[in-house]
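Commentary on secondary and tertiary structure
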Amino acid sequence: MSSKPDRGPRRRAYLFDERRESLALRRIAEIGLLLHGATRLDDVLRAVLVTATARQGAGMNRAYLLLGDEEGRILRGEMAVGPSNAEEANQIWNALHESGPSLTEMAEAYRNSVGRRDVRANELVRRLTVPLDDTADILVQVYRLGTTMVADASSPIPSEAQRVAAVLGVREFAVVPVLARKGSLGVLVADNLITRRAFSKRGVELLELLACQAGLAIENARLQETLAQKVDELGRAYEALREEQEKLVRAERLSAVGEMAVRVAHEVRNPLVSIGGFTRRLLVEMPEKDPRSEYLRIIRDEVARLEQIVGGVLDYVRPPVSAVGMTDINAVVRTSLDLLSTQCDQAEVKVSLCCDETVPFIAADEARLRQAVLNLCRNAIQAMPDGGRLEVSTLPDRDWVLIRIEDTGVGIASDQIERIFAPFYTTRSQGTGLGLAITSQVVEAHGGRVEAESERGVGSRFTIRLPLKEQVS
Amino acid sequence: MKKILVVDDEAHVRRLYTEELKDEGYEVVAAGTGDEALRAFDRERPDLVVLDIRLPDCDGLDVLNEMLSRRRDAHVVLNSAYPAFRADFHSWGADAYVVKSSDLRELKRTIGAVLSLEGASPGR
């Protein structure tokens, strides 16, 4: 009978312990779910810190997470969570009180309510950063030994804890290792700045369990990030490969077309010289009024046109770049426009030139580059049969030099713009269709590219983009 | 009278050049291959050579080098349908480069200019 009064409280204590135990277990399970649900490293870190500070979690006031760097040189302060004073603490805790009972809901509520309030804690965590060879520091010791240390307010602050105590402004704090499969990843530091509550054994244990879960989650997130990076790299490599392949196919097609064109051009050129040349001789001897002189003039002019086509073909196959020297791009542009001045006047095209004098000289084949600019300018003039404005400018753009040729001409239809650089493509009845192909070939041989933008009825803009670094092939 | 050696593999072109240049008041000899060209070069000692680069038996640029090695003061105007060769430094030993055309005015102008400079810069 006498044992009855004794059994009551003991039993209650036992039940109380059991309930606490099951609550803790539920929390840990929930922490696990929350952590492993986050795949981005940042989200994982935040979830770890929120659960360390949440009432439903380990219930610390502030928590700091430091991770060892890949080279194993420093323990770097990554992220922190926690209010900087009692007022802020009340605001946050009130907001969290409104949230649902689960950790997940809490983490969500925390994310929404805190905003930038834990700036101060994040400042502190950065200041906690410590070199890993500083073995006298408590953080490094925990990291290296993989065991928890608690700085206790009841005893004088030990020397190894003094730095951290000074940074955090508290006498009492706990440091637990964040462990993963391959050893220590970092440390989790927690303090009770606001409530000044002492660390209970159970609280520290919960922190340890949390850190253990955190370690696995961080390791997973890192693996996932590495994986995502690799996938991304692979994607880019694949994309580059595809582009190269397309280029190769295009180049092959071009070279096949080119070879045939050159053979034909070569066979045709000499007869053309004879036909045209003798026609000219006949014309000289024929009286102007003879009606047959008209026929001869037609032959002469047609031959000249054919010679131009043949010349274009033979020009297209010449070596991409041969005479490379330091070239003044502005001078190239100026001479090109000089050469076209008569043509511009005849076509009633107003020319405006805007050279950026800071454009540096680049390694280039001046004559070929001039040809590229000439081709684009000539095209622009031809796109303005009723006159218009031709604007040519040069400008530096980081590692590039740009030559921009803009016209107010007829423009190019969007479905054609892709094809304009293909050899023998032309929208005009006259011309070889090689001008733009040669231009892009020359520019590509300089390691650059030609960009085309156009709007029907408004005009076109061609940009030659040349690299500053020597890349001539 | 200045003597010009025309080197071209095409008979009609040789004939056209010969007639046109004779009309300009030059004495003209012609050759159809590199081999013929070098023999005519030694035999006729022309004041100037109009040289096509594509020849049936050899590369015109080799002919150019051979001519220059035989006579440092030889004047050569390269005449080819390939504008590409203009940028080839092997071509730079020649006095000038004219792209082949049925319109011979540029060629004639160039020949005139090279020959009129001859006195001004002896020994190249």
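The model shown is predicted, which means the values in this text are computed figures rather than measured ones. (Residues numbered from 1 in each chain as written. Chains lettered and ligands numbered in written order. Predicted model: local features only at pLDDT ≥ 70, side-chain atom pairs only at ≥ 80, totals over all residues. Heavy atoms only, no water.)

1. Remarks on the overall build of chain B
We apply this condition: Elements are defined by DSSP. Helices are runs of H or I of four residues or more, strands are runs of E of two residues or more, and each kind is numbered from the N terminus. Relative accessibility decides the category of a residue: with a 1.4 Å probe and only protein chains considered, values under 20% of the type maximum give buried, values over 50% give exposed, and everything between is partly exposed. Should any heavy atoms of two residues lie within 4.5 Å, those residues are counted as being in contact. Using a 1.4 Å probe, the Shrake-Rupley method yields the accessible areas, and only the shown protein chains count as cover for residues.
Across its full length, chain B holds four helices and five strands. Taking all 124 residues of chain B together, 52% fall into the buried category. A sequence separation of at least 24 residues applies to 63% of the contacts in chain B between residues at least 6 apart. When the accessible surface of chain B is totalled, it reaches about 5800 Å², and 47% of it is carbon and sulfur.

2. Points about the sheet that holds strand β11 (residues 400-407) of chain A
All names here are of chain A. To keep it simple, the criterion reads: In this scheme, strands are said to pair when DSSP sees at least two bridges between them. The convention used is that axes are lines fitted to C-alpha atoms, helices contributing only their stretch in contact, and that angles between N-to-C directions extend from 0 to 180 degrees.
Here we have five strands laid out as an open sheet, ordered β8-β10-β11-β13-β12, and mixed in their pairing. The sheet is open, and its two edges are formed by β8 (349-355) and β12 (449-455), each paired on a single side. Averaged over all pairs of adjacent strands, the angle between strand axes in this sheet comes to 15°, irrespective of strand direction. Here strand β10 (residues 388-397) pairs with β11 via eight bridges, running antiparallel. Looking at the pairing, V392 lines up with I405 of β11.

3. Here's the deal with the pairing of β10(A)
Note: β8(A) against β10(A), seven bridges, orientation parallel. Note on β10(A): the bridge partner recorded for S352(A) is E391(A).

4. Structural notes on unusual backbone geometry
One non-glycine residue with positive phi stands out, namely R196(A), at about 55°. Along the chain, R196(A) falls in the loop between β6 (183-191) and α8 (201-285). The phi dihedral of R45(B) falls on the positive side, at around 45°, and the residue is not glycine. Inspection of the secondary structure puts R45(B) in the loop between α2 (34-44) and β3 (48-51). Note on R45(B): relative accessible area 53%, which makes it exposed.

5. Section: the pattern of salt bridges
Test applied: Salt bridge, as applied in this entry: a Lys or Arg side-chain nitrogen positioned within 4 Å of an Asp or Glu carboxyl oxygen.
On inspection of all chains with the given rule, the structure shows 36 salt bridges over all chains. A salt bridge links R292(A) to D290(A), with the shortest nitrogen-to-oxygen separation between them at 2.9 Å. Salt bridges linked by common partners bring R281(A), R15(B), E19(B), E20(B), D23(B), E24(B) and K108(B) together as one network.

6. So, the packing of aromatic side chains
Residue and element names in this part refer to chain A. Spelled out, the test is: Working definition: a ring pair exists when centres of Phe, Tyr or Trp rings (six-membered ring for Trp) sit within 6.5 Å. Plane angles under 30 degrees give stacked, over 60 give edge-to-face, the rest tilted. Lysine and arginine charges are scored as sitting over a ring when NZ or CZ, respectively, is within 6 Å of the ring centre and within 35 degrees of the ring normal.
Applying the stated rule across the entire model yields zero aromatic pairs over all chains. Its guanidinium or amino end placed over the ring of W400, R449 lies 5.2 Å from that ring's centre, counting from NZ or CZ. It is R465 that lies over the ring of W400; its NZ or CZ is 5.6 Å from the centre.

7. Concerning the confidence of the model for chain A
Residues and elements named next belong to chain A. For clarity, the threshold we go by: Per residue, pLDDT captures the predictor's confidence, and it can take any value from 0 to 100.
Confidence in the prediction for chain A averages 81 pLDDT; 80% of positions are at 70 or higher. At the level of individual helices and strands, chain A shows its lowest average pLDDT in helix α1 (residues 3-37), which scores 61, and its highest in β11, which scores 94. Confidence drops under a pLDDT of 50 for residues 1-6, and excluding neighbours within four residues, the segment shows zero contacts in the predicted structure.

8. Quick look at the packing of helix α10 (residues 329-339) of chain A against helix α12 (residues 366-382) of chain A
The relative placement of two packed helices is expressed as an angle between their axes plus a distance between the axes. All names here are of chain A. Quick note on the threshold: For this classification, under 35 degrees means roughly parallel, over 145 means roughly antiparallel, 65 to 115 means roughly perpendicular, and everything else is oblique. The hand of a helix crossing depends on one turn: near helix anticlockwise from the far one by less than a right angle means left-handed, and clockwise means right-handed. Ten residues, namely Ala, Val, Leu, Ile, Met, Phe, Trp, Tyr, Cys and Pro, are considered nonpolar, four, namely Asp, Glu, Lys and Arg, are considered charged, and the remaining ones, Gly among them, are considered polar.
Contact pair α10 / α12: the axes reach a minimum separation of 9 Å and the direction vectors enclose 50°. One element, α10, and the other, α12, form an angle in the oblique class. For the pair α10 and α12, the crossing hand works out as right-handed. Of the residues in α12, those in contact with I329, V332, T335, S336, L337 and L339 of α10 are E366, L369, R370, V373, L374 and C377. Classifying every residue of the contact of α10 with α12 by side-chain character gives eight nonpolar, two polar and two charged.

9. Some details on the side chain of N270(A)
Structurally, N270(A) is set in helix α8. Residue classification places N270(A) among the buried residues on the basis of a relative accessible area of 3%.

10. Here's the deal with the nonpolar core
All names here are of chain A. Stated formally: The set of buried Ala, Val, Leu, Ile, Met, Phe, Trp, Tyr and Cys residues whose side-chain atoms join them within 4.5 Å is what this entry labels a nonpolar core.
Counting residues in each nonpolar core, the largest one holds 36 residues, and the members touching the most others are I329, L390, I403, I405, F462, I464 and L466. The residues touching I403, leaving out its near neighbours within four places in the chain, are I329, V333, V373, S393, T394, F462, T463, I464 and L466. By size, the runner-up hydrophobic cluster in this structure holds 35 residues, among which are A47, A180, L185 and A221.

11. Brief notes about helix α1 (residues 11-23) of chain B
Along an α-helix, residues three or four positions apart point the same way, because every turn accommodates 3.6 residues. Selection criterion: For a helix, the expected span equals 1.5 Å multiplied by the residue count minus one.
The terminal C-alpha atoms of α1(B) lie 18 Å apart, and with 13 residues this matches the ideal 18 Å at 1.5 Å per residue to within 8%. Residues of α1(B) that are buried include every one of V13(B), L16(B), Y17(B), T18(B), E20(B) and L21(B), and no others.

12. Remarks on helix α5 (residues 119-128) of chain A
Residue and element names in this part refer to chain A. Going by this rule: Summarising the geometry, the arc corresponds to the directions from the helix axis toward the C-beta atoms.
The complete set of buried residues in α5 reads A121, N122, L124, V125 and L128. Buried residues in α5, looked at end-on, bunch into an arc of 155°, giving them a common side. Buried residues along α5 sit in contact with β1 (62-68), β2 (74-81), β3 (130-131), α6 (138-145) and α7 (162-168).

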